[in-house]
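Overview (structure and organization)
So the chains spell out like this:
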Amino acid sequence: DPILQPAALLRGYISHRLTRERQVLECLAAGITTADAIVDRLYAATADALKPAARQNVLAHLRKLEEDGGVEFAGDHWHLRSA
């Protein structure tokens, strides 16, 4: 079907992505530092079959945050970067 209000749809997508990014940062601040543990927290109600896609989504957020300079990866763990 045609998208009749594309700007509103895109705003919704952007809002959802920013909310998820904030949730990932909150997990890191709470000491949840692996992608799998973040997935367990943020996608607890998600079917197991969809968890690999959720993990890829979390990793994409973490890599974006790393590129922005807000987080770093050390060993097997992600951490908020010290100011």
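Structure report, in brief. (Residues numbered from 1 in each chain as written. Predicted model: local features only at pLDDT ≥ 70, side-chain atom pairs only at ≥ 80, totals over all residues. Heavy atoms only, no water.)

1. A closer look at the side chain of K51
Along the polypeptide, K51 turns up in helix 3 (residues 51–68). A relative accessible area of 18% places K51 in the buried class. The contact partners of K51, leaving out residues within four places of it in the chain, are V39, Y43, A44 and T46. (Helix = DSSP H or I, 4+ residues; strand = E, 2+ residues; numbered from the N terminus. Buried < 20%, exposed > 50% of the residue type's maximum accessible area, 1.4 Å probe, protein only. Contact = heavy atoms within 4.5 Å.)

2. Overview of the pattern of salt bridges
Under the definition given, this model contains six salt bridges. A salt bridge links D68 to K64, with the nearest nitrogen and oxygen atoms 2.6 Å apart. Of the two residues, D68 and K64 are both situated in helix 3; the distance of four residues between them amounts to about one turn of the helix. Relative accessible area serves as the criterion here: at 36%, K64 is assigned to the partly exposed category. (Salt bridge = Lys/Arg side-chain N within 4 Å of Asp/Glu carboxyl O.)

3. With respect to the nonpolar core
One finds L28, I38, V58, L62 and W78 to be the most contacted residues of the largest nonpolar core, which totals 15 residues. Mapped by element, the contributors of at least two residues to this core are helix 1 (6–29), helix 2 (35–42) and helix 3. Of the residues forming this core, the biggest block, five residues, is contributed by helix 3. The contact partners of L28, leaving out residues within four places of it in the chain, are T33, I38, L62, V71, W78, H79 and L80. (Core = buried A, V, L, I, M, F, W, Y, C linked by side-chain atoms within 4.5 Å.)

4. Some thoughts on the packing of aromatic side chains
Throughout the structure, instances matching the rule amount to one aromatic pair. For the ring pair F73 and W78, a centre distance of 4.7 Å and an interplane angle of 50° mean the geometry is tilted. (Phe/Tyr/Trp six-rings, centres within 6.5 Å; stacked < 30°, edge-to-face > 60°.)

5. Considering the pairing of strand 1 (residues 71–74)
As defined by bridge partners, strand 1 adjoins strand 2 (residues 77–80) across four bridges and the pair is classed as antiparallel. When the bridges of strand 2 are listed, V71 appears paired with L80. In textbook terms, the turn of a hairpin is the stretch between consecutive antiparallel strands, and for strand 1 and strand 2 this stretch comprises two residues, one of which, G75, has a positive phi near 70°. (Pairing = 2+ DSSP bridges.)

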